[in-house]
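Structural overview
Here is how the chains run, residue by residue.
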Protein chains: 2
Amino acid sequence: MIILDGKKYRDELLERYKETISKEKLSLGLSIILIGNNSASEVYVKNKVKYSTYVGINTQIHRLSEDVTLQEVLKLIDKLNSDSSINGIILQSPVPHHIDFDSCIAAISPKKDVDGISASNIFSLYQNKKTILPCTVKGIIKLLEHYNIDIEGKNITIIGRSEIVGKPLALALNNRNATVTLCHSKTKNIKDITSKADILISAVGKANFITNDMVKEGFIGIDVGINHINGRLYGDFNYEEVKDLASYITPVPGGVGPMTIAMIIDNLIELKRME
Amino acid sequence: MIILDGKKYRDELLERYKETISKEKLSLGLSIILIGNNSASEVYVKNKVKYSTYVGINTQIHRLSEDVTLQEVLKLIDKLNSDSSINGIILQSPVPHHIDFDSCIAAISPKKDVDGISASNIFSLYQNKKTILPCTVKGIIKLLEHYNIDIEGKNITIIGRSEIVGKPLALALNNRNATVTLCHSKTKNIKDITSKADILISAVGKANFITNDMVKEGFIGIDVGINHINGRLYGDFNYEEVKDLASYITPVPGGVGPMTIAMIIDNLIELKRME
């Protein structure tokens with residue numbers, strides 16, 4: 001069994017990005033909009049700032065209070081869209097209920113959509129044209145490629161159909177000629193499906209959801225789950241149970257998570273080059 | 001085995017549309033742009049005109065010669081976009097190589113995109129929001145509903161990943177809580193996948209592609225194939241071989257095809273109501 005070490009690869013990528021940015025004298029600006037006080041978001045944003053700054057990206061956080069109006073958020077986005085020193089805009093989710101997340105994303109210029117979740121990016125993905133991939137999707141694909149794991153022709157089961165992971169991942173892997181099955185909470189006989197998968201990707205958000213009776217011997221396991229229990233982080237896989245059945249597997253922490261954050265930087269450089 | 005009689009249901013729907021349009025005094029205009037001389041396109045367009053006219057839609061064909069420029073096509077689309085008597089615009093495919101189909105579709109106002117293939121319609125589909133469904137997708141779903149076939153929780157295999165059938169169908173069925181596997185030419189061990197499907201939908205374009213060893217007893221078969229061989233029309237299913245294994249099955253002709261054409265009218269009425 002080989003561990004898909006996302007943390008190690010992220011660190012290699014960070015050095016590579018740092019060198020690229022310095023050598024090519026790329027001037028990169030990233031704006032992160034953070035609304036309210038969500039402790040998980042604080043951690044995510046802190047890490048995004050940390051790594052972006054490390055590689056030489058001018059990163060700024062725009063903190064908005066919980067009671068900000070939609071209009072004020074849209075006004076800020078508009079300002080950032082027309083600021084030529086800013087190459088990427090992130091609206092950290094979740095946002096308060098009275099703020100319509102989709103309207104905000106629609107307001108971000110596709111040229112600054114570093115998260116790859118705008119309508120035009122998703123439609124390009126659907127059409128199998130060049131696009132900015134959502135960061136988790138890109139992180140998973142890069143990690144598989146790094147370990148020389150072929151995607152073409154593989155039977156891949158994805159569990160979880162969110163708009164930032166499951167659905168775009170299904171499209172992206174289909175574009176790479178995998179045969180994709182998208183499972184979710186209404187899926188029946190899920191074991192029958194998961195146990196046929198060459199590559200099993202779980203983005204459910206339930207600790208220990210994937211047990212040893214659900215996987216095929218020699219499967220490749222990608223665990224997107226981030227489940228905090230009593231101060232410890234767990235993935236969706238019952239790692240101890242399934243690890244010996246896997247040919248490759250991502251650990252949690254240290255697998256997909258670190259890759260996702262690195263892909264913000266990857267996308268930002270890509271956006272800059274497309275300017 | 002029950003035949004999913006698309007032709008019969010189409011005829012019922014046509015009467016219903018005709019009555020609705022007449023009762024509600026809906027003033028509906030449909031423009032079909034037909035470029036060049038493709039004999040298959042001629043037949044499709046003729047049928048679209050026939051049924052649309054029958055139900056009381058003012059339908060016009062815009063015939064453009066093979067050597068029309070992209071600019072001229074875009075100009076026509078622009079004119080139709082701003083013509084308030086036109087509620088729906090169809091660009092009949094295929095178009096000549098020098099005409100970029102995607103650019104033309106992007107030029108059609110989403111409010112007149114009766115085929116449901118514009119970026120904004122597809123993005124709404126992706127987000128599981130209200131949308132104009134592509135006609136074949138809507139036709140299949142309506143036909144299943146008409147026969148009280150539940151979609152939720154079903155394992156559905158789709159073969160063929162085109163942008164007008166396979167991909168939007170996968171999204172639409174996922175939105176209706178089916179578990180969807182999308183197969184294509186690079187799929188390996190396809191029999192293992194198709195033989196597990198509760199509902200098997202083939203949009204491959206190969207006569208007799210689906211044989212009796214590829215299906216599960218009691219499966220529901222939806223045949224989107226339109227294969228002309230020696231003047232006869234065949235679907236993708238080897239109908240004689242698989243029909244007795246099916247619980248429900250669409251014939252070819254008389255299954256999905258008639259439904260698709262009826263959905264143009266369904267979408268046009270929907271677009272009118274959204275105005």
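Per-chain numbering applies: the sequence of each chain, read as written, is numbered from 1 onward. Throughout, the order in which chains and ligands are written sets their labels, letters from A for the former and numbers from 1 for the latter. Per-residue local features of the predicted model are confined to residues with pLDDT of at least 70, and side-chain atom pairs are confined, for both listing and counting, to 80 or more; whole-chain, interface and lining totals are unaffected and use all residues.

Brief notes about the overall build of chain A
The condition is simple: Going along the chain from the N terminus, every DSSP run of H or I of four or more residues is numbered as a helix, and every run of E of two or more is numbered as a strand. With the radius of gyration taken over C-alpha atoms, the globule rule is written as 2.2 Å times the number of residues to the power 0.38.
Each helix and strand counted, chain A has 10 helices and 11 strands in total. Computed over its C-alpha atoms, the radius of gyration of chain A comes to 19 Å, within 12% of the 19 Å expected for a compact globule of 275 residues. For the C-alpha atoms alone, the extent of chain A along its principal axes is close to 50 × 45 × 40 Å.

A few points about the relation of the copies chain A and chain B
Stated precisely, the cut-off is as follows: Copies are brought into register by a least-squares superposition over C-alpha atoms of residues with pLDDT of at least 70 in both. Once C-beta atoms have been placed from the backbone, residue pairs whose C-beta atoms lie within 7 Å are recorded as contacts.
For the match of chain A to chain B, the screw axis carries a shift of 0.0 Å, the RMSD comes to 0.0 Å, and the turn is 180 degrees. Interpreted geometrically, this transformation is the action of a two-fold axis. Among all C-alpha atoms of chain A, that of A:T181 lies closest to the rotation axis, at 2.1 Å. With an isologous cut-off of 70% or more, the 100% of interface residues of chain A that recur at the interface of chain B puts this contact in the isologous class.

A look at helix 2 (residues 39–55) of chain A
Residue and element names in this part refer to chain A. To keep it simple, the criterion reads: A helix's residues, less one, multiplied by 1.5 Å, set its expected span. Three classes are used. A residue is buried when 20 or more other C-beta atoms lie within 10 Å of its own, exposed when 12 or fewer do, and partly exposed in between, with C-beta atoms placed from the backbone. In this description, the arc belongs to the directions extending from the helix axis to the C-beta atoms.
Here helix 2 spans 25 Å end to end across 17 residues, near enough to the 24 Å set by a 1.5 Å rise per residue. Buried within helix 2 are the following residues: K48, Y51, S52 and V55. Along the axis of helix 2, the buried residues cluster in a sector spanning 100 degrees; they form a single face. Residues of helix 2 that are exposed and point more than 90 degrees away from the buried face comprise S39, V43, K46, K50 and T53. Looking at the buried positions of helix 2, the neighbouring elements they touch are helix 1 (6–23), strand 2 (29–35), strand 3 (58–64) and helix 10 (256–274). Looking one or two residues beyond helix 2, the residue adopting positive phi is G56, at roughly 105 degrees.

As for the domain arrangement of chain A
Here is the rule: Each domain's extent was defined by an automatic or database domain assignment.
Here the domain parsing of chain A yields domain 1 (25–111) and domain 2 (135–258). Each of domain 1 of chain A and domain 2 of chain A has a C-alpha centre, and these two points are 28 Å apart.

Digging into the interface of chain A and chain B
For clarity, the cut-off: When DSSP locates at least two bridges between a pair of strands, those strands are taken to pair.
Counting residues at the interface gives 22 residues for chain A and 22 residues for chain B. Those elements that provide at least two residues to the side of chain A that touches chain B are helix 5 (119–126), helix 7 (166–175) and strand 6 (179–183) of chain A. Where strand 6 of chain A lies against strand 6 (residues 179–183) of chain B, 3 bridges are found, and the strand directions are antiparallel. When the bridges of strand 6 of chain B are listed, A:V180 appears paired with B:L182.

Observations concerning the sheet that holds strand 1 (residues 2–3) of chain A
Backbone-to-backbone hydrogen bonds join strands into a sheet, with any given pair of strands oriented parallel or antiparallel. As a reminder, the rule being used: Axis definition: a line fitted to C-alpha atoms, over the contacting stretch in the case of helices. Angles run 0 to 180 degrees between N-to-C directions.
Strand order across the open sheet formed by 12 strands is 1(A)-11(A)-8(A)-7(A)-5(A)-6(A)-6(B)-5(B)-7(B)-8(B)-11(B)-1(B), with mixed pairing between neighbours. Each edge of the sheet is formed by a strand with only one pairing partner; in this case those strands are strand 1 of chain A together with strand 1 (2–3) of chain B. As defined by bridge partners, strand 7 (residues 199–202) of chain A adjoins strand 8 (residues 219–223) of chain A across 4 bridges and the pair is classed as parallel. For A:I199, the partnering residue across the bridge sits in strand 8 of chain A and is A:I220. Together, strand 6 of chain A together with strand 5 (155–159), strand 6 and strand 7 (199–202) of chain B form the strand contacts of helix 7 (residues 166–175) of chain B, whose direction differs from that of strand 6 of chain B by roughly 170 degrees.

Some words on the sheet that holds strand 4 (residues 88–91) of chain A
Residue and element names in this part refer to chain A. Across the sheet, which stays open at both edges, the 3 strands sit in the order 3-2-4 with parallel pairing between neighbours. If you trace the sheet from one side to the other, it starts and ends with strand 3 and strand 4, each paired once. Strand-to-strand twist across the sheet, computed as the mean angle between neighbouring axes with direction ignored, equals 15 degrees. The sheet contact formed by strand 2 and strand 3 spans 7 bridges and is parallel. Each residue of the ladder has a partner; that of I35, found in strand 3, is L64.

As for the pairing of strand 4 (residues 88–91) of chain B
All names here are of chain B. Because side chains alternate across strand 4, one face comprises the buried residues G88 and I90, and the other comprises I89 and L91, equally buried. Across 4 bridges, the pairing between strand 2 (residues 29–35) and strand 4 is parallel. The residue of strand 4 that forms the bridge with S31 is I89.

Brief notes about the packing of helix 6 (residues 135–146) of chain B against helix 7 of chain B
Residue and element names in this part refer to chain B. Rule in force here: Throughout this description, any angle smaller than 35 degrees is read as roughly parallel, any larger than 145 degrees as roughly antiparallel, any in the 65 to 115 degree range as roughly perpendicular, and the remainder as oblique. In a left-handed crossing the near helix is turned counterclockwise from the far helix by less than a right angle, and in a right-handed crossing that turn is clockwise. For this classification, the nonpolar set comprises Ala, Val, Leu, Ile, Met, Phe, Trp, Tyr, Cys and Pro, the charged set comprises Asp, Glu, Lys and Arg, and every other residue, Gly included, is treated as polar.
For the pair helix 6 and helix 7, the least separation of the axes is 9 Å and the interaxial angle reads 40 degrees. Between helix 6 and helix 7, the interaxial angle falls into the category oblique. Judged by the sense of rotation from one axis to the other, the crossing of helix 6 with helix 7 is right-handed. For the pair formed by helix 6 and helix 7, the contact residues are V137, I140 and I141 on the first element and P168, L169 and A172 on the second. Looking at the contact of helix 6 with helix 7, its residues break down into 6 nonpolar, no polar and no charged.

Remarks on unusual backbone geometry
Geometrically, the link from A:S93 to A:P94 is a cis peptide bond, its omega value of 0 degrees lying close to zero. Secondary-structure assignment places A:P94 in the loop between strand 4 and helix 4 (101–107). A cis amide bond links A:V252 to the next residue, A:P253, at an omega of 0 degrees. As for its position among the elements, A:P253 is in the loop between strand 11 (246–249) and helix 10. Positive phi outside glycine occurs at B:N148, with the angle close to 55 degrees. Inspection of the secondary structure puts B:N148 in the loop between helix 6 and strand 5. Unusually for a residue other than glycine, B:N230 sits at a positive phi of about 50 degrees.

Quick notes on the pairing of strand 5 (residues 155–159) of chain A
Residues and elements named next belong to chain A. The condition that has to hold: A crossover counts as right-handed when, viewed with the strands pointing away from the observer, the path leading from the first strand over the helix to the second turns clockwise.
With respect to burial, strand 5 is a largely interior element, 5 of its 5 residues being buried. In strand 5, alternate side chains face the same way, and those of N155, T157 and I159 on one face and I156 and I158 on the other are all buried. For strand 5 and strand 6, the ladder comprises 5 bridges, and the chain directions are parallel. Note on strand 6: the bridge partner recorded for I156 is V180. Running through helix 7, the crossover from strand 5 to the neighbouring parallel element strand 6 is right-handed. Pairing analysis gives 4 bridges linking strand 5 to strand 7, with the strands arranged parallel. By the bridge assignment, I158 is partnered in strand 7 with I201.

So, the packing of helix 1 (residues 6–23) of chain B against helix 2 (residues 39–55) of chain B
Residue and element names in this part refer to chain B. Where helix 1 meets helix 2, the closest approach of the two axes is 8 Å, and the angle between their N-to-C directions is 45 degrees. On the basis of the axis angle, helix 1 is oblique to helix 2. Judged by residue contacts, L14, Y17, K18 and I21 of helix 1 engage Y51, Y54 and V55 from helix 2. Taken together, the residues of the contact of helix 1 with helix 2 break down into 6 nonpolar, no polar and 1 charged.

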